[in-house]
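What follows is each chain in one-letter form.
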Number of protein chains: 2
Amino acid sequence: MGGGVDYLALERNKAEFNVDAMKIVWAGSSHVLQVSERIAQLVASDPAFRKDNRPMLGRKELFKNTLRKATYAWKRITELRLNEEEASMLRTFVDEPAFTDLHWAMFVPAIKGQGTEEQQQKWLPLAQKMQIIGCYAQTELGHGSNVQGLETTATFDPKTDEFVIHSPTLTSSKWWPGGLGKVSTHAIVYARLIIDGQDYGVNGFIVQLRSLDDHLPLPGITVGDIGMKFGNGAYNTMDNGVLRFDNVRIPRDQMLMRISQVTREGKFVQSNVPRQLVYGTMVFVRQTIVAGASVALSRAVCIATRYSAVRRQFGSRNGGPETQVIDYKTQQARLFPLLASAYAFRFVGEWLNWLYTDVMQRLQAGDFSTLPEAHACTAGLKSVTTSVTADGIEECRKLCGGHGYLCSSGLPELFAAYVPTCTYEGDNVVLQLQVARHLIKTISQLGSGKKPVGTTAYLGRLEQLLQYHSDVQKAEEWLKPNVVLGAFEARAARKSVAVAQNLSKFSNPEEGFQELSADLVEAAVAHCQLIIVSKFIEKLQEDIPGKGVKQQLESLSSIYALSLLHKHLGDFLSTGCITPEQGDLANEQLRSLYSQVRPNAIALVDAFNHTDHYLGSVLGSYDGNVYPKLYAEAWKDPLNDSVVPDGYQEYIRPLLKQQLSNARL
Amino acid sequence: MGGGVDYLALERNKAEFNVDAMKIVWAGSSHVLQVSERIAQLVASDPAFRKDNRPMLGRKELFKNTLRKATYAWKRITELRLNEEEASMLRTFVDEPAFTDLHWAMFVPAIKGQGTEEQQQKWLPLAQKMQIIGCYAQTELGHGSNVQGLETTATFDPKTDEFVIHSPTLTSSKWWPGGLGKVSTHAIVYARLIIDGQDYGVNGFIVQLRSLDDHLPLPGITVGDIGMKFGNGAYNTMDNGVLRFDNVRIPRDQMLMRISQVTREGKFVQSNVPRQLVYGTMVFVRQTIVAGASVALSRAVCIATRYSAVRRQFGSRNGGPETQVIDYKTQQARLFPLLASAYAFRFVGEWLNWLYTDVMQRLQAGDFSTLPEAHACTAGLKSVTTSVTADGIEECRKLCGGHGYLCSSGLPELFAAYVPTCTYEGDNVVLQLQVARHLIKTISQLGSGKKPVGTTAYLGRLEQLLQYHSDVQKAEEWLKPNVVLGAFEARAARKSVAVAQNLSKFSNPEEGFQELSADLVEAAVAHCQLIIVSKFIEKLQEDIPGKGVKQQLESLSSIYALSLLHKHLGDFLSTGCITPEQGDLANEQLRSLYSQVRPNAIALVDAFNHTDHYLGSVLGSYDGNVYPKLYAEAWKDPLNDSVVPDGYQEYIRPLLKQQLSNARL
């Protein structure tokens, strides 16, 4: 982690647990830890991957620089013969959104998942060598969440055995796909399949966009970049694009035909491959997003924690140093729940990984029984973890005071690059409504004896949960897993039951669902928080080696649960799960947990094992030597290239000299 | 508001109140409405003030462009002989942070407030003609909130009758002052006054930084820009600066001597001007910030509301159009409380304006009795309104779905430019701790018969408030002002009393204050929310002309209060002010209020009277013709200057052609 003095050494000495053992827990295994450490260092030590200058570049320079880095990354991946795991880590540590992300994460998997054997044999080798570059063109200017509302058409022409891809309206323009604007040679285009005037709904098509000779758009194709997005660098390194088709023809075999097919005669045929497999992919993508949330949050928390230990404000006694900001309870009460959330999301992500494997095995065995529950659960967890992470990054920025506003803190870019996660792959509110629908359905089926499965299993004990009253009498009792689980289960169950009862008052169920949707979202959130709390607790049932490691995780698990309880106290009280006095005891316990975590805080963020390069933050640097670095960063700004700024002669001087009347402005 | 078709005309026809009358209410008077409309149009219609291209500019271009605009603005102000009110509005509508902001809002007022008559006569004419440009150099690299911790020194040298300004450490570097980095010729520098080895604390000094001939820094001065900040344009148009002094000498008469003086002999003398006048200035500045919060929030709400009426998703029946997003209850439950907050902050800002006048009149009459309460109240309101506004802008961005992430939505820039408000002029958490300290003191003095004043007057009825139980039995009862006030007063009082009781358990009060600081912040927030609720209700006691105007404001006032009640339900329940059933009734009433506001939503944001130029948002444009504008904006990005991007030959082509081994990367 670099040489020199360690200004946080004192803090590191305070730790009461084995940091190296915790690193393995965080990474998931010593194998992953080793590989990720090796790849992270590979990136960090290569000047070609420098990223500190990013915020100062204009759009064109920024984009060109990303083209260079993404291409160079691919060159290194092939030269070093990295395997898929290593290659994916390398792209992660390069930490710059690029066209290659979409190629590997959307284009290739779409062909694998939706293409026939033949199609895979034709297209995958090209894609895997990057002889073609692909993107995923689904969203349209006027159509985001509602995929069934897409307007682009793919009309079968039996005369030529082709599909005619067309953009009939302005709002049908493809809009947002990353990699589309300037780079991709091909796209998976989602369009309404029209045969003989009949609409067969939305299907995927492989469409070539640009010539492989000169990169010019093919005839009938209008394509470009959609312009600047939030943040200085962030997603402006990506060519999110706009795409219009003017009757573009593609051969029939470029419709992705694993699930549905169009025959030479123009007959629409469903294959015997279960459509549910698509949901399996969705579970996979969302699991990746949840894991990503824990990483993004851990970066922000690491920066804010380290800087809070370096920074001092007020409280100087007898001319001595001021108090470390991390010692303030207001700082702890905002920071430590986020630290705990990063760990909580890590473990629920790990569990989702298992869930994905389980679901896929069942699907392949023709067992679709757990799919609705798994689908709802991943939707809800994607929503909760990304919302908390987006807000949490901004909270960490505020926790760094004024300096958090500087790009050199790394936090503005982290935020700007992260927030779209709340919208893409399912808007977070729309997703919670899906969860709520599943919960209401589960409850309505209880009477008919259908046993709820997986994360909804607790609803099978509804009678008992409706009777529940917490029996906590002392603050420490809130440390017991069963006490916490009892309260969270009862709260979640009662929130769902209450809204189900209100729904039953409506004669039109859909109208009721719409009218009560805000309450439904709250019930869904309560359910998802229960899942995360319970998966953290389950994790602690495992054998976790390393001195003091499990104790630290127990504290974090308690902080996660009790800070949520405090934040949503209204839920717990209004449903009668706990009394106001028990709420006060939980809060008291929380304060004491903050004191327990305090000496371990720096070591707990060290366990994330982020390199300084990956963090990209002067405030979060490992050695804590913040101020000289901040000072040095400032002088790198282009404005400091000259002492007297460009514009002095034209504007400032005439102003000062009262000669504006003749100035050209 | 521009010609052409009005795509929101249907929405505007639904309004049940007189929009023009509401515009006057929002503006504060017909005079202000007229002036602001005239100045806003002046700016909007002048192509020199164009701002849509801002996010695409590199730092140097961006900054130079701001120099041009700020200078041109000053030229127009003098040409048109605008008065102070008009000039300030013009700068507001130009909507681009610039060195002139600090010159007018900090440098000039500091000389007025802290300079002697003589100093004012010498410096003000120069500053008012902009023959010198000044900034306000207080914050240091290592010292923000704690002004008493500043390290820069001003040592009196009796031999030469000068002060020697010096930066003794790296952390003493001045850091952040706007206008400092590249433009200001002078600064008010805050430094520790040292006379004969003794430290007399922090005082202000007028220091010349740059030559008026060639703009070069004077000897001993190191000055530059501190680098990129959050956002594309945002505060990157401002030269926030770093400044170091190497024994820089200034004449003795450049210490601001209205309050404290140093004589020729080096004697430190306090004048008979009350130091409390400084707090008067603080009340003024914070009142401005609260008014600014209402404007910033109103811009975000206006954009999100208009786009929510244009945008449609899901719910298409029989192939008809999809549902307007604004009709979804989840959208309303997030958007309408923010709409209500914008109005609430407007009225509490208006009241703060009155409070400032009242305080200043009292101060000049030697009456300091209301100052602590006024000081605490403005601190708390600054904190609450800016925090809600910052979060609210981001919430509005999310409410616009994916397109809110585009700079052309205006929301990313609005957010990035707004968030520092949560940190400057008092960190929002530090400020709430000041409020809490005042509340605890007020409560502790109740026994000694000291009657609480102003916004704390309700604490004089503590006995009664501790007995309070809401008697609401029907949802509509929550519309009664007294019902709402009763609950909010009881909640605020009990939160304060509870934490005061917990504090009394500590033998060391400061230790208790530190340990319970998170609870203290909660009590302070409850108090501030009560102030805003009660000032909204007071506003409704006034005679408000215009068909339906008062009714709309009543709905918004109820939405503001009841959405807070729902959000902080835990407070109301744990203090026993209301029952869970009453909480449910409030929620039910809230839903019905949303339905009442829905048809008026567009007209309620029209009443803010923002021009399309000032909003700077394709999504929020007055005519609602969103999609063609979004599409047109995209093509303006520099990346679209060429069809094949710069970098194709070097990077993309070798990648596709499998010729990376020889490529220069």
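Residues numbered from 1 in each chain as written. Chains lettered and ligands numbered in written order. Predicted model: local features only at pLDDT ≥ 70, side-chain atom pairs only at ≥ 80, totals over all residues. Heavy atoms only, no water.

**A word on the interface of chain A and chain B**
Counting residues at the interface gives 133 residues for chain A and 133 residues for chain B. It is F230, Y405 and L639 of chain A that lose the most area in chain A upon contact with chain B, and together they represent 7% of the buried surface on that side. Put simply, chain A and chain B have 16 salt bridges between them. The interface formed by chain A and chain B holds 52 residue pairs in polar contact (both at pLDDT 80 or more) in total. If one sorts the elements of the side of chain A that touches chain B by residue count, helix 4 (residues 59–79) of chain A sits on top with 10 residues. Of the residues in the side of chain A that touches chain B, the class split is 66 nonpolar, 36 polar and 31 charged. (Contact = heavy atoms within 4.5 Å. Buried area = accessible area lost by both parts, 1.4 Å probe. Salt bridge = Lys/Arg side-chain N within 4 Å of Asp/Glu carboxyl O. Polar contact = N/O pair within 3.5 Å; in protein donor to acceptor, adjacent residues only side chain to side chain. Helix = DSSP H or I, 4+ residues; strand = E, 2+ residues; numbered from the N terminus. Nonpolar A, V, L, I, M, F, W, Y, C, P; charged D, E, K, R; others polar.)

**Focus on the environment of C407 of chain A**
Within the element layout of this structure, C407 of chain A appears in the loop between helix 10 (371–399) and helix 11 (411–418). Exposure remark for C407 of chain A: the relative accessible area of 8% places this residue in the buried category. Those residues in contact with C407 of chain A, other than ones at most four positions away along the chain, are P55, N232 and P412 of chain A together with M228, K229 and F230 of chain B. (Buried < 20%, exposed > 50% of the residue type's maximum accessible area, 1.4 Å probe, protein only.)

**A look at the pattern of salt bridges**
Residues and elements named next belong to chain B. Using the criterion set out here, one finds 92 salt bridges over all chains in the structure. In this structure, E394 engages K398 in a salt bridge whose closest nitrogen and oxygen atoms are separated by 3.5 Å. Of this pair, E394 and K398 both sit in helix 10 (residues 371–399), 4 residues apart, roughly one helical turn. Residues E489 and R461 are paired through a salt bridge, measuring 3.0 Å at the closest nitrogen-oxygen approach. Taken as a pair, E489 in helix 14 (residues 481–503) and R461 in the loop between helix 12 (428–444) and helix 13 (462–467) lie far apart in primary sequence, 28 residues in all. Judged by its relative accessible area of 13%, E489 falls in the buried class.

**Some remarks on the UniProt feature "binding site: FAD" (unreviewed entry) in chain A**
Residue and element names in this part refer to chain A. Feature annotation in UniProt assigns "binding site: FAD" (unreviewed entry) to the following positions: T139 and G178. A maximum C-alpha distance of 10.8 Å is found for the annotated residues, which run over 40 residues; spatially they form one tight group. Tracing the sequence through the fold places T139 in the loop between strand 1 (134–137) and strand 2 (153–157). A relative accessible area of 25% places T139 in the partly exposed class. With sequence-adjacent residues up to four places away left out, T139 is seen in contact with G144, S173, K174, W175, W176 and P177. Excluding anything up to four places from it in sequence, G178 contacts L102, C135, M238, D239 and N240. (UniProt positions renumbered as here; feature names shortened; annotations may be inferred.)

**Focus on helix 5 (residues 84–94) of chain B**
All names here are of chain B. Taken as a whole, helix 5 has its buried residues at E86, A87, M89, L90, F93 and V94. Taken around the axis of helix 5, the buried residues stretch over an arc of 160°, which confines them to a single face. Looking at the buried positions of helix 5, the neighbouring elements they touch are helix 3 (30–44), helix 4 (59–79) and helix 21 (612–615). The first or second residue beyond helix 5 is D95, which carries a positive phi of 60°. (Arc of directions from axis to C-beta.)

**Details of the nonpolar core**
With 395 residues, the main nonpolar core has Y343, W478 and L553 of chain A together with Y343, W478 and L553 of chain B as its most contacted residues. Residues contacting Y343 of chain B, with those up to four places away along its chain left out, are M22, W26, F536, L553, L556, L604, A607 and F608 of chain B. (Core = buried A, V, L, I, M, F, W, Y, C linked by side-chain atoms within 4.5 Å.)

**Re the packing of helix 2 (residues 19–27) of chain B against helix 9 (residues 329–364) of chain B**
Residue and element names in this part refer to chain B. At a closest axis distance of 9 Å, the pairing of helix 2 and helix 9 adopts a crossing angle of 50°. With respect to helix 9, the axis of helix 2 lies oblique. Side by side, helix 2 and helix 9 meet where M22, V25, W26 and A27 of the first sit next to A342, Y343, R346, F347 and E350 of the second. Counted by class, the contact of helix 2 with helix 9 contains 7 nonpolar, no polar and 2 charged residues. (Axes fitted to C-alpha atoms, helices over the stretch in contact; angles between N-to-C directions. Parallel < 35°, antiparallel > 145°, perpendicular 65-115°, else oblique.)

**Points about the sheet that holds strand 8 (residues 241–245) of chain A**
Residues and elements named next belong to chain A. Pairing in this open sheet of 3 strands is antiparallel, and the strands run 4-8-7 from one edge to the other. Strands with a single pairing partner mark the edges of an open sheet, and in this sheet they are strand 4 (174–175) and strand 7 (221–225). Note that strand 7 and strand 8 share 5 bridges and pair antiparallel. Directly across from D225, in strand 8, lies its bridge partner G241. (Pairing = 2+ DSSP bridges.)

**Overview of the pairing of strand 5 (residues 186–195) of chain B**
Residues and elements named next belong to chain B. When you tally the buried positions in strand 5, you get 10 out of 10 residues, the bulk of the element. Strand direction decides the pairing type here: strand 2 (residues 153–157) and strand 5, joined by 3 bridges, are parallel. Directly across from A154, in strand 5, lies its bridge partner L193. Linking two consecutive strands that pair antiparallel, namely strand 5 and strand 6 (residues 198–208), is a turn of 2 residues; a positive phi of about 55° is found at D196 within it.

**Topic: the sheet that holds strand 8 (residues 241–245) of chain B**
Residue and element names in this part refer to chain B. Spatial strand order, 4-8-7: 3 strands in an open sheet with antiparallel pairing. Both edges of this open sheet fall to strand 4 (174–175) and strand 7 (221–225), since each of them pairs with a single strand only. Where strand 4 lies against strand 8, 2 bridges are found, and the strand directions are antiparallel. Following the sheet pairing, W175 is matched in strand 8 by V242.

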